[in-house]
Amino acid sequence: MAYNFAEELRWRGMIHDIMPGTEELLEKEVVTGYIGFDPTADSLHIGSMVQIILLMHLQRAGHRPIALVGGATGMIGDPSGKSDERNLLTQDILDKNIAGVQSVLSRFIDFEKGDDATKAVLVNNYDWMKNFSLIDFARDVGKHITVNYMMAKDSVKKRVQGEGEGMSFTEFTYQLFQGYDYVHLYENMGCKLQIGGSDQWGNITTGTELVRRKLGGKAYALTTPLVTKADGTKFGKTESGNVWLDTDKTSVYKFFQFWINATDEDAINWIKIFTFLDKETCESLIEEHAKDPGYRVLQKRLAEEVTVMVHGREAYDTALKASQILFSKTVTPEQWSEFNQETLLDIFEGVPQAEIAKDALKDGVDPVTLMADLTSFLPSNSEVRRALKENSLSINKNKINAETVITTDNLIAENMLLLQRGKRNYFLVLVK
Ligand SMILES: N[C@@H](Cc1ccc(O)cc1)C(=O)O
């Protein structure tokens, strides 16, 4: 075995609950283990990254990972950790989501490579649920579990005793669907371990219970703690919403920013959870960080490791350079040419903007016209002149003077100009 899976997860702080015997099993044999992902959105966000990383650890440790996409369970809706009944997703949306989730998973886990014993497998529970008749399901699955047992689960108890709207029969049955998946994978693929976030313990143990009662078998469970932030706010969210693993939803720059902005406390935990750096490396980084927190060595390494893993080295390099632009005194045209419009809009998010016509630059304009007439960067012509005298105006991070003529040759990312007064006062001109 390449390394001890449970031991590895333990020092990384990634075990919340583990069923007795699981560790021994992992030491004894090559274990097939699975994690399920419901297609509730057309991509996965960084909240799901822990589970993806677990599948990767499982494989690196010499075991066989199964990634399950919940084509069937996605049609039902998991009540775990939810205080309210959710709307059903339409088939169109589900199809789109399933494709999105599968494509994200395939970016991290190679379902083609490896010897048969440890080759990763991608399955969709719709394949074995679609022809299950209601009568068969009631007889073959429902009969093995009492309603009393199902009611005792947190996900159900809260909704039945709570003040809310109660719970539909649909969501109540969810644990049987997930439980049956485990039975199916146990029987057909020799799967003996299910992993999930801590909110999945109830569903997973319904599965191990079904395996026991229906097949007389022994199946195991392991859950991970929910990733938290030291300040109590929800992990994985920024003001602009979820941090997704797809660039069309969250740009590489914003993704990088999320990690680089981690607090010291969070970075200490996250470096162990979200990177594959070994124990010694993590510990020495934490030590180095403690000596000079201002240098943010932990955040820098965390952002590098995670961004490279998710988006590749090249995209990371660009994001890093982009994040340095705000702090650089001058930026050459060659340097600007590395960034596209999207990245520049990300870097300068929140900076006031104006649109001007390309024609206006055809014969060149002087700073006063550009900054006070064509745009409202500065309030008046005299203000522009005063700023010019102070030598505090720049365009694209290069100082200008009263004689400067601005033409279309000055455009960066094809249609932008970055106006600046002093250090921090920016204005973005979009030339159409
Ligand atoms: N219920 C899990 C997803 C899942 C679906 C089917 C399974 O068999 C296992 C897990 C979740 O919401 O995260």
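Residues numbered from 1 in each chain as written. Predicted model: local features only at pLDDT ≥ 70, side-chain atom pairs only at ≥ 80, totals over all residues. Heavy atoms only, no water.

A. Looking closely at helix α13 (residues 264-274). Buried within α13 are the following residues: D266, A267, W270, I271, K272, I273 and F274. Those residues of α13 that are buried lie in contact with α1 (5-11), α3 (49-60), α12 (252-260), α14 (279-291) and α15 (297-311). (Buried < 20%, exposed > 50% of the residue type's maximum accessible area, 1.4 Å probe, protein only. Helix = DSSP H or I, 4+ residues; strand = E, 2+ residues; numbered from the N terminus. Contact = heavy atoms within 4.5 Å.)

B. Representation of the packing of α12 against α15 within the structure. Direction vectors running N to C along α12 and α15 enclose 145 degrees, while the axes themselves pass 8 Å from each other. Classified by chirality, the crossing of α15 by α12 is right-handed. Here α12 contributes V252, F255, F256, W259 and I260 to the contact with α15, which in turn contributes Q299, K300, L302, A303, V306, T307, V310 and H311. Classifying every residue of the contact of α12 with α15 by side-chain character gives nine nonpolar, three polar and one charged. (Axes fitted to C-alpha atoms, helices over the stretch in contact; angles between N-to-C directions. Left-handed = near helix turned anticlockwise from the far one by under 90°. Nonpolar A, V, L, I, M, F, W, Y, C, P; charged D, E, K, R; others polar.)

C. The environment of D246, seen in detail. Its place among the elements puts D246 in the loop between β8 (241-242) and α12. Spatially, the C-alpha atom of D246 lies 22 Å from that of L226, the residues being 20 residues apart in sequence. Non-local contacts of D246, meaning those with residues more than four positions away in its chain, are made with D42, S43, V104 and R107.

D. Region of the structure containing a negative patch on the surface. Together, D278, E280, E283 and E287 make up a region of like negative charge exposed at the surface. You can see E283 is positioned in helix α14. (Patch = residues over 30% accessible without salt bridge, like charges linked within 9 Å, V, L, I, M, F, W, Y side chains within 5 Å. Areas by Shrake-Rupley, 256 points an atom, 1.4 Å probe, with all protein chains shown as cover. Salt bridge = Lys/Arg side-chain N within 4 Å of Asp/Glu carboxyl O. Lys, Arg positive; Asp, Glu negative; His and termini not counted. Charge placed at Lys NZ, Arg CZ, Asp CG, Glu CD.)

E. Fine view of the nonpolar core. Ranked by internal contacts, the top residues of the largest apolar core, which has 62 residues, are F5, L245, W259 and F274. Looking at this core element by element, the count peaks at eight residues for α3. Counting the residues that make up this core, at least three belong to each of domain 1 (5-224) and domain 2 (237-325). Apart from the residues within four sequence positions on either side, F5 is in contact with L26, L54, H57, L58, A61, H63, L193, I195 and L222. Counting residues in each nonpolar core, the second largest holds 31 residues, with Y34, V123, W128 and L176 among its members. (Core = buried A, V, L, I, M, F, W, Y, C linked by side-chain atoms within 4.5 Å. Domains from an automatic or database assignment.)

F. Structural detail: the UniProt feature "domain: Tyrosine--tRNA ligase SYY-like C-terminal" (unreviewed entry) in the protein chain. According to UniProt, the feature "domain: Tyrosine--tRNA ligase SYY-like C-terminal" (unreviewed entry) maps to residues 346-429 in the numbering used here. Segment residues 346-429 splits into 24% helix and 24% strand. End C-alpha atoms: 14 Å apart. (UniProt positions renumbered as here; feature names shortened; annotations may be inferred.)

G. Looking closely at the side chain of K229. Along the chain, K229 falls in the loop between β6 (220-224) and β7 (237-238). Here T233 takes part through its side chain, which lies 3.4 Å from a polar atom of the side chain of K229. (Polar contact = N/O pair within 3.5 Å; in protein donor to acceptor, adjacent residues only side chain to side chain.)

H. Spotlight on the side chain of Q299. Its place among the elements puts Q299 in helix α15. The exposure class assigned to Q299 is buried, which follows from its relative accessible area of 0%. Polar side-chain contacts of Q299 include one of 2.9 Å to the backbone oxygen of A262. Setting aside chain neighbours within four positions, we find Q299 in contact with W259, I260, A262, T263, D264, A267 and H289.

I. Examining the pattern of salt bridges more closely. Overall, the coordinates contain 22 salt bridges when judged by the stated rule. Here R12 ties to E8 by a salt bridge, and the two come within 2.9 Å at their closest N and O atoms. Residue R12 is classed as buried on the basis of its relative accessible area of 3%. R159 is paired through a salt bridge with E171; the nearest N and O atoms lie 3.0 Å apart. Note that R159 is positioned in helix α8 (residues 154-161) and E171 in helix α9 (residues 169-172), a separation of 12 residues in sequence. Connected via shared salt-bridge partners are E383, R386, E390 and R421.

J. Here's a closer look at the sheet that holds strand β2 (residues 32-37). On the basis of which strands lie adjacent, the open sheet formed by six strands has the order β1-β6-β5-β2-β3-β4 and mixed pairing. A single partner strand is all that each edge strand has here, and the edge strands are β1 (17-18) and β4 (121-124). In terms of strand pairing, β1 meets β6 through two bridges, oriented antiparallel. Bridge pairing links I18 to L222 in β6. Packing of helix α4 (residues 91-108) onto the sheet brings it into contact with β2, β3 (64-69) and β4, and relative to β3 it is tilted by some 160 degrees. Contacts between helix α11 (residues 201-215) and the sheet are confined to β1, β5 (191-197) and β6, with β6 contributing the most and set at about 175 degrees to the helix. (Pairing = 2+ DSSP bridges.)

K. Summary view of empty space enclosed by the protein. Evaluated as defined, the whole model comprises one cavity of 30 Å³ or more. Approximately 30 Å³ is the volume attributed to the largest cavity. Taken together, P79, S155, V156, M167, E171, F172, Y174, Q175 and N203 form the lining of the largest cavity. Of all the secondary structure elements, the ones that give two or more residues to the lining of the largest cavity are α8, α9 and α10 (174-189). When its residues are assigned to classes, the lining of the largest cavity shows five nonpolar, three polar and one charged. (1 Å grid on protein atoms, 1.4 Å probe; cavity = no way out; pocket = protein on both sides within 12 Å on 5 of 7 lines; lining within 4 Å. Points joined across faces, edges and corners; volume = space filled by probe spheres on them.)

L. Representation of the layout of surface pockets. Taken as a whole, the second largest pocket spans an internal volume of roughly 590 Å³. Along the wall of the second largest pocket there are 27 residues; nearest its centre are T238, E239, S240, K254 and F258.

M. Focus on the site of the ligand. Near the ligand you find Y34, G36, D38, L68, T73, D78, N125, Y174, Q178, D181, Q194 and Q200, and these make up its full shell. Measuring from a nitrogen atom of the ligand, one finds a side-chain N or O atom of Y174 at 2.8 Å. Burial of the ligand by the protein chains amounts to 85% of its free accessible area of 340 Å². When residues of the shell around the ligand are traced back to their parent elements, those giving at least two are β2 and α10. Ranked by residue count, the leading element in the shell around the ligand is α10, at three residues. (Near = heavy atom within 4 Å.)

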